[in-house]
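Results of the structural survey
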Amino acid sequence: MKPLYTKTRLVFFVMLMPIMIFAQDFQGKAYYFSKSTMELGRWGATMSEAQKKQIQERLKNRLEKTYILTFNKEESTFKEDEKIDAVSGATDSWGKNFTPGEQYKNVKSKTLLQKQEFYGKQFLIKDDLLSIDWQIGKETKQIGKYMCFKATASIPTSDLTWYDFSWNDLRRVEEQKTDSINGTVKEPEVPMSEVVAWYSPQIPLSQGPLEYWGLPGLILEISVGNTTMLCSKIIMNPGEKTKIEAPEKGKMVTKKEYQEIVIGKMQEMRDNRGRQMSRRN
């Protein structure tokens, strides 16, 4: 009878363990490695493999990054573990204008606060957490010592890249203004991104990297577009705890307002450059 009792108690403990972890006043840290593939398009078709490799090395700081998610039951902070470029000995100052800054999420109040620096100005973006319609599947895989389940979602691309900028964004805004003036307003197409997440119920927290959240377990891997972010290490209840608190410094704006500021500044830079070139000619 003793072995049966021991086995029953062990099974009960394993089943109870996630609940115990969730109930305790604890903190954890998850380290994520993000890798993106470079899309060269038609330009890449004219390049040799050696040239492509050289460009990848130069852009390594943008294509490969490490992030740290510090979390408790309700809150988390997510920030890049910045590296010094081995070639130039500097950080990617230009790229920082269009990459996610330090982020704070509160899954209880469904609030996002994110610090962004844009051309020397500090902004604090305050908005609601994304409403993600996750489709939970039965497929599983092991990530480290954690059993993970697959979930997918289709999310508007602009909701995931609001801190970034491309000249296509500016062209689209200008086309919409022209259509409005001409009275030919069209319903804009909404590009969507297909997201694949792997989460572990063994860590029963509705947290994850970047803006991803809302699953019944910590998200350990995210793939979207040409980028995959994988958790490489988790530390539960670290000896030296980090204070998790919402940032306060910076001009407070919404995501939409921040996008308008970025597009406006880039349009101004383009127009100024055009005027300078016309003077030279």
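First, a word on what this report is: a plain description of the structure on this page. Predicted model, so just to flag it, every value in this text is computed and none were measured.

Among the secondary structure elements, Thr70 is positioned in strand β2 (residues 64–71). Residue classification places Thr70 among the buried residues on the basis of a relative accessible area of 5%. When neighbours within four sequence positions are excluded, Thr70 is seen to be in contact with Gln27, Gly28, Lys29, Glu75, Ser76, Thr77, Thr242 and Ile244.

Our next topic: the environment of Met229. Here Met229 shows up in strand β11 (residues 227–236). Through-space distance from the C-alpha of Met229 to that of Leu210 is 9.9 Å; in sequence the pair is 19 residues apart. Once residues within four sequence positions are removed from consideration, Met229 is found in contact with Tyr32, Phe33, Ser34, Tyr67, Phe78, Pro209, Leu210, Leu220, Glu221 and Ile222.

The pairing of strand β1 (residues 28–36) with β11 spans nine bridges and is classified as antiparallel. Opposite Ala30, over in β11, you have Ile234 as the bridge partner. Both strand β10 (residues 218–224) and β11 contribute to a ladder of four bridges, which runs antiparallel. Note that in β11 the partner of Ser223 across the bridge is Thr228.

The next point concerns the packing of aromatic side chains. Two measures describe an aromatic ring pair: the distance that separates the ring centres and the angle between the ring planes. Scanning the model with the defined rule gives nine aromatic pairs in all. Ring geometry for Tyr67 and Phe78: centres 4.9 Å apart, planes at 15°, overall stacked. Of this pair, Tyr67 sits in strand β2 while Phe78 sits in strand β3 (residues 75–80), and the two are 11 residues apart along the sequence. When its relative accessible area of 6% is taken as the criterion, Tyr67 is described as buried. Note on Phe78: relative accessible area 2%, which makes it buried. Measuring from centroid to centroid gives 5.9 Å for Trp162 and Tyr258, while their planes differ by 85°, and the two rings are edge-to-face. Highlighted residues: Trp162 in the loop between α5 (157–160) and α6 (167–182) and Tyr258 in helix α7 (residues 255–280), separated in sequence by 96 residues. Across the pair, Tyr258 and Trp162 agree in class, each one buried. One aromatic cluster in this structure is built from Phe118, Tyr119, Phe123, Trp162, Tyr163 and Tyr258.

Of all hydrophobic cores here, the largest spans 38 residues; its most connected members are Tyr32, Trp134, Tyr212 and Leu218. At the level of elements, β1, β2, β8 (146–156), β9 (192–200), β10 and β11 are the ones that each hand at least two residues to this core. Not counting chain neighbours up to four residues away, the residues in contact with Trp134 comprise Ala151, Thr152, Ala153, Val195, Ala197, Tyr212, Trp213, Gly214, Leu215, Ile219 and Ile222. Within the second largest apolar cluster, 11 residues are counted, among which are Ile125, Val253, Ile263 and Met266.

The next point concerns the pattern of salt bridges. Taken as a whole, this structure holds eight salt bridges when the rule is applied. Salt-bridge contacts for Glu102 lead to Lys115; the nearest nitrogen and oxygen are separated by 3.9 Å. Of this pair, Glu102 sits in the loop between β3 and β4 (103–106) while Lys115 sits in strand β5 (residues 111–118), and the two are 13 residues apart along the sequence. A residue is classified by how much of its surface remains accessible, and Lys115, at 32% relative accessible area, is partly exposed. Here Lys141 and Glu221 are joined by a salt bridge, their closest N and O atoms 2.9 Å apart. With a gap of 80 residues between them, Lys141 in strand β7 (residues 135–143) and Glu221 in strand β10 connect regions that are remote in the sequence.

Cut-offs and rules
Residues numbered from 1 in each chain as written. Predicted model: local features only at pLDDT ≥ 70, side-chain atom pairs only at ≥ 80, totals over all residues. Heavy atoms only, no water. Helix = DSSP H or I, 4+ residues; strand = E, 2+ residues; numbered from the N terminus. Buried < 20%, exposed > 50% of the residue type's maximum accessible area, 1.4 Å probe, protein only. Contact = heavy atoms within 4.5 Å. Pairing = 2+ DSSP bridges. Phe/Tyr/Trp six-rings, centres within 6.5 Å; stacked < 30°, edge-to-face > 60°. Core = buried A, V, L, I, M, F, W, Y, C linked by side-chain atoms within 4.5 Å. Salt bridge = Lys/Arg side-chain N within 4 Å of Asp/Glu carboxyl O.

It is worth stressing that arrangement in space is one thing and function is another; only the former is reported here.
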